[in-house]
Amino acid sequence: MPTYKAPLTDMQFLLNDVFDASQLAKLPGYEEATPDMFQSILEEGAKLCEEVLLPINQSGDIEGCTFKDGVVTTPKGFKEAYETFTQGGWMGLSCSKEFGGQGLPLLLNFLLDEMVCSANLSFGMYPGLSHGAYNAIEKHGVQELKEKYLPKMVTGEWSGTMCLTEPHCGTDLGLIKTKAIPKGDGSYSISGTKIFISAGEQDLTENIIHLVLAKLPDAPPGVRGISLFLVPKFLVKDDGGIGARNGAVCGSIEHKMGIKASATCVMNFDNATGWLVGVPNKGMKAMFTMMNEARLAVGLQGLGIAEVAYQNGLSYAKDRLQGRGLKGAVFPDKVADPIIVHPDVRRMLLTMKSITEGARALAVWVGMNLDIETKHTDATTREEAGELVALLTPITKALMTDHGFDAANLAVQIMGGHGYIREYGVEQFVRDARITQIYEGTNGIQALDLVGRKMPERFGRMLRRFFWPCAEFIKENSSNPAFADILPNFAKTFQRFQMISLLMAQRSFANPEEAGAAATDYLRGFSLLVLGYMWLLMVKTAHGKLADASEKSFYESKLKTADFYFAKVLPEINARMMNIQAGSKPVMGMSADLF
Amino acid sequence: MKILVPVKRVIDFNVKIRVKADNSGVETANVKMGMNPFDEIAVEEAVRLKEKGKATEVIAVTIGPAQCQDLLRTAMAIGADRSIHALFDGETQPLGVAKTLKAIVDQEKPDMVILGKQAIDGDNNQVGQMLGALLGWGQATFASKVELGAGSVNVTREVDGGLETLQLKLPAIITTDLRLNEPRYATLPNIMKAKKKPIEPFDAAAKGVDLSPRIKTLRVDEPGSRKAGIKVPDVATLVDKLKNEAKVI
């Protein structure tokens, strides 16, 4: 069975030393979010993930969810774990105090999410989807809906779902067919079929609150005619008690490659009673608030898998005795050397480690800015933080989920045949991680979001939210000896990437296919640059702390990992820039018949 | 009904212990620390008694450096009402700890002290017994079940031959064994409430308690590695070797 220890030291390093998360406690409503509170909460959360969620991850994968007569049964132990999780109040960590949550920073929820996903990605889907539904209702629902549904979603007694996809449309939601007919009493009658609905049906909660995209009778065609509805599995009486069964029924569950303990449902809505959330025909907008946060949450799933894959690959590499070092025996007293002596095994481990730790720094940076965007008293500061988050959302989602899959694959490779068989549990990481590159907008869609929406937005203003602080850092530290080996090269790469951004903007303006053909390379290049900036921040902090003897090995490890990142990972950006420069012709020049 | 629960900060039970290079002790720098697991059981038991309405107040106590405050917060997140911290930076040993606890008992006058039977670092298994002697109270060690009556407590103990049930007059000392209960996970709201619960300092020296070590550690070594075994041709040889070489039968 795989093992997992939450990376609490690294989290504390980022929170306290690199980003100074203590400033969050100065924001109104976050007074309790002090560093020692962060630490207590993360420690207890880690315990829960390591001791309650991890032990049912592999068994949940083997057993999977079962479906019989409209009823979904989750694997053994999930119900008890869900109770421990929700009764501990973890569902409400960053939910509003008004509805019974703890009102703590979203940043803290980010870090908890990472740990939950390392321990048990399938389990994380259930509270994760509830969280998304909670956000949409809280931001767009009328007070009456909020008071009726949110408190029990915060306690976890009820869960939530997001019902978007239909059999004939996923990415292009303008095509949906689900109908909503006004019943005249303020409610609507919802009919249609939704597929791929995570947690659409389960045996963990007494009620399930579905958020359903549907079209009103007079709706304009396309995405401008979509409305959002709240459809409970059981109608809720005025006193809050459970009422009659609503016409929202699970037709079947999917048999999937991974996340087998998460029920992926076909949901049939047959004259189900629902209530409008937000404004008629503006459902996509409401859905997008939910989706942006959900995209970040999916990114964290990738980060979680990458971390647990690294930990298991590493412990195998240290324990597995096989052959000898290339220059001769490194541990002559043992029957053979551990495989960590081999350069290629180290290459794999350091690739995993350097991107994972950089990505965690990115998660903290984005999480903090999300909190600043939500809570800061100054409107300009809020806007600027919001622009940075918007820019970094597709990057976070695609970078971290691609890395989750890559890291899981590397763990399998390090473990050889033992990685490929079920017993050690790392092949499960590969299968579980694969979906994260697909749902909440495929990574190709993330790339289009970056080049099509975020890049041109207000003439590149969003780009500057990243380019400016990065340029400033380079300027300020150009004579700092700690950076002598890495900064000059990074500065050159940074310059070139800005030029490439300009070139892309010009070409795309004339021909949108130019943007499309370069999108994935651009997103990947941008991601490598962002990780580079994260590593620069970490190097600066770690260098200043080397004198601290008690944690010396931690900081030394940071600096060595940074060296690897700049020398062996970042250069991929050069190939990406060459690809971008090559333009759209190599991909669009061949007609479809020639394939 | 007031219950006092002493807790100790030890190396986390998951950590692989390493001996210091100079053999003066075990490595504690850069090592994860946590609450002694037996003490966690003691806190849980006290909090359960309070939740059943049998106790009115649970006070967590620790003796050690400033970082021990984390431990007290953990105890309060499980459900202790308040804490007392006797700040001490040196090595703590059973007698000094028992004497400090006696001074705290004199001040707080609890009806019961529930302690872990031993701490997983020193494995001494002495503090509860010493405290009982210093106070002149009855003691029931290695508890696997605690039932509170009026003015007395029935404690089931795990002894070599099986289970033994004792009745003690209150006030009394109880030390916990592993099977007494399974400690809960602290809930998020309780972790947050714990931050607002008070931690009072306790100046042991001012009460005339001498915490300075009386036992000197001469040397600490890793356990010797296991030697290779041998194969015996038959049962008779095995019995012979066990009898005459190993002298175990």
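Cut-offs and rules
Sequence order as written defines the numbering, with residues in each chain counted from 1. Each chain is given a letter, starting from A, and each ligand a number, starting from 1, according to the order in which they appear as written. Given that this is a predicted model, residues contribute local features only at a pLDDT of at least 70 and side-chain atom pairs are listed and counted only at 80 or more, while totals for whole chains, interfaces and linings are drawn from all residues. The basis for every side-chain value is the complete set of heavy atoms in the structure, and neither hydrogens nor water enter the calculation. The contact definition used throughout considers only heavy atoms, calling two residues in contact when any of these lie within 4.5 Å. Note on terms: buried area is the combined drop in 1.4 Å-probe accessible area of two parts once they are placed together, counting the loss on both. Each salt bridge in this description consists of a side-chain nitrogen of Lys or Arg and a carboxyl oxygen of Asp or Glu lying within 4 Å of one another. Side-chain atoms alone can form a polar contact between residues adjacent in sequence; in general such a contact is a pair of N or O atoms within 3.5 Å, and within protein one must be able to donate a hydrogen while the other accepts it. Elements are defined by DSSP. Helices are runs of H or I of four residues or more, strands are runs of E of two residues or more, and each kind is numbered from the N terminus. Three residue categories are used. Nonpolar comprises Ala, Val, Leu, Ile, Met, Phe, Trp, Tyr, Cys and Pro, charged comprises Asp, Glu, Lys and Arg, and polar comprises the others, including Gly. Helix span, expected: 1.5 Å multiplied by one less than the number of residues in the helix. When accessible area is computed with a 1.4 Å probe and restricted to protein chains, residues below 20% of their type maximum are described as buried, those above 50% as exposed, and intermediate ones as partly exposed. Only when DSSP finds a minimum of two bridges between them are two strands counted as paired. Here the term patch refers to residues with relative accessible area over 30% and no salt bridge, with like charges joined within 9 Å and nonpolar side chains (Val, Leu, Ile, Met, Phe, Trp, Tyr) within 5 Å. The Shrake-Rupley method, run with a 1.4 Å probe sphere, supplies the accessible areas, and residue values consider only the shown protein chains as cover. All axes are obtained by fitting lines to C-alpha atoms, using only the stretch in contact for helices, and the reported angles, taken between N-to-C directions, cover 0 to 180 degrees. Per-residue confidence from the predictor is reported as pLDDT, which spans 0 to 100. Only protein atoms enter the 1 Å grid used here, on which a cavity is any set of points holding a 1.4 Å probe that cannot leave and a pocket is any open set flanked by protein within 12 Å on both sides along at least five of seven lines; residues with an atom within 4 Å of a point are listed as lining. Grid points are joined across faces, edges and corners, and a volume is the space filled by probe spheres set on the points.

S.K.: Account for the interface of chain A and chain B, with residues named and values stated.
M.R.: At the interface, 23 residues of chain A touch 13 residues of chain B. Counting the surface lost from both chain A and chain B, the interface buries some 1600 Å², and carbon and sulfur atoms represent 58% of this. On inspection of chain A and its partner chain B, the count reaches 3 salt bridges. Notably, a salt bridge pairs Lys195(B) with Asp36(A), separated by 3.6 Å at the nearest N-O pair. Linking chain A with chain B are 6 residue pairs in polar contact (both at pLDDT 80 or more), by the criterion used here. Contributing elements (two or more residues each) for the side of chain A that touches chain B: helix 2 (35–53) and helix 4 (78–87) of chain A. With 10 residues, the top contributor of residues to the side of chain A that touches chain B is helix 2 of chain A. Per-class residue counts for the side of chain A that touches chain B are 7 nonpolar, 9 polar and 7 charged.

S.K.: Give a detailed account of helix 15 (residues 487–510) of chain A, specifying residues and quantitative values.
M.R.: All names here are of chain A. An ideal rise of 1.5 Å per residue puts 34 Å on 24 residues; helix 15 measures up with 35 Å between its terminal C-alpha atoms. Buried within helix 15 are the following residues: Leu487, Phe490, Ala491, Thr493, Phe494, Phe497, Ile500, Ser501, Met504 and Ser508. In this fold, the buried residues of helix 15 make contact with helix 13 (443–454), helix 14 (461–476), helix 16 (512–545), helix 17 (552–569) and helix 18 (572–581).

S.K.: Can you lay out the pairing of strand 9 (residues 162–169) of chain B for me, pointing to particular residues and giving the numbers?
M.R.: Each regular strand shows side chains that alternate between the opposite faces of the sheet. All names here are of chain B. Relative to strand 9, strand 8 (residues 152–159) runs antiparallel, the two being bridged by 8 bridges. Along strand 9, the bridge assignment pairs Glu158 with Leu163. The loop that links strand 8 with its antiparallel partner strand 9 comprises 2 residues.

S.K.: Can you tell me about a nonpolar patch on the surface, naming the residues and giving the values?
M.R.: Judged by side-chain polarity, Val235(B), Val239(B), Val248(B) and Ile249(B) come together as a nonpolar surface patch covering roughly 380 Å² of accessible area. Residue Val239(B) is classed as partly exposed on the basis of its relative accessible area of 34%.

S.K.: Any chance you could break down the sheet that holds strand 4 (residues 57–64) of chain B for me, citing the residues and the numbers?
M.R.: Residues and elements named next belong to chain B. Strands sit in the order 9-8-7-10-6-1-4-5-11 across an open sheet of 9 strands; the sheet is mixed. Where the open sheet ends on each side, the last strands, each with one partner, are strand 9 and strand 11 (199–201). Mean inter-strand twist for the sheet, computed between neighbouring axes without regard to direction, equals 35°. Where strand 1 (residues 2–6) meets strand 4, 5 bridges bridge the pair, whose relative direction is parallel. Paired with Val5 across the bridge in strand 4 is Ala60. Sitting on the sheet, helix 1 (residues 37–51) is in contact with strand 1, strand 4, strand 6 (112–116), strand 7 (138–148) and strand 10 (172–176), with an inclination near 145° to strand 6. Running over the sheet, helix 3 (residues 94–108) touches strand 1, strand 4, strand 5 (82–87), strand 6 and strand 11 and is turned about 145° from strand 4.

S.K.: Which residues make up the confidence of the model for chain B, and what values do they have?
M.R.: For chain B, per-residue confidence averages 94 on the pLDDT scale, and residues scoring 70 or more make up 100% of the total. Across the predicted assembly, pTM comes out at 0.92 and ipTM at 0.87.

S.K.: Lay out empty space enclosed by the protein in plain terms, naming residues and giving numbers.
M.R.: All names here are of chain A. Tallying each qualifying case throughout the model produces 1 cavity of 30 Å³ or more. The space that makes up the largest cavity amounts to roughly 40 Å³. Among the elements of the structure, helix 1 (8–18) and helix 2 are those that each provide at least two residues to the lining of the largest cavity. Grouping the amino acids of the lining of the largest cavity by side-chain chemistry returns 5 nonpolar, 2 polar and no charged.

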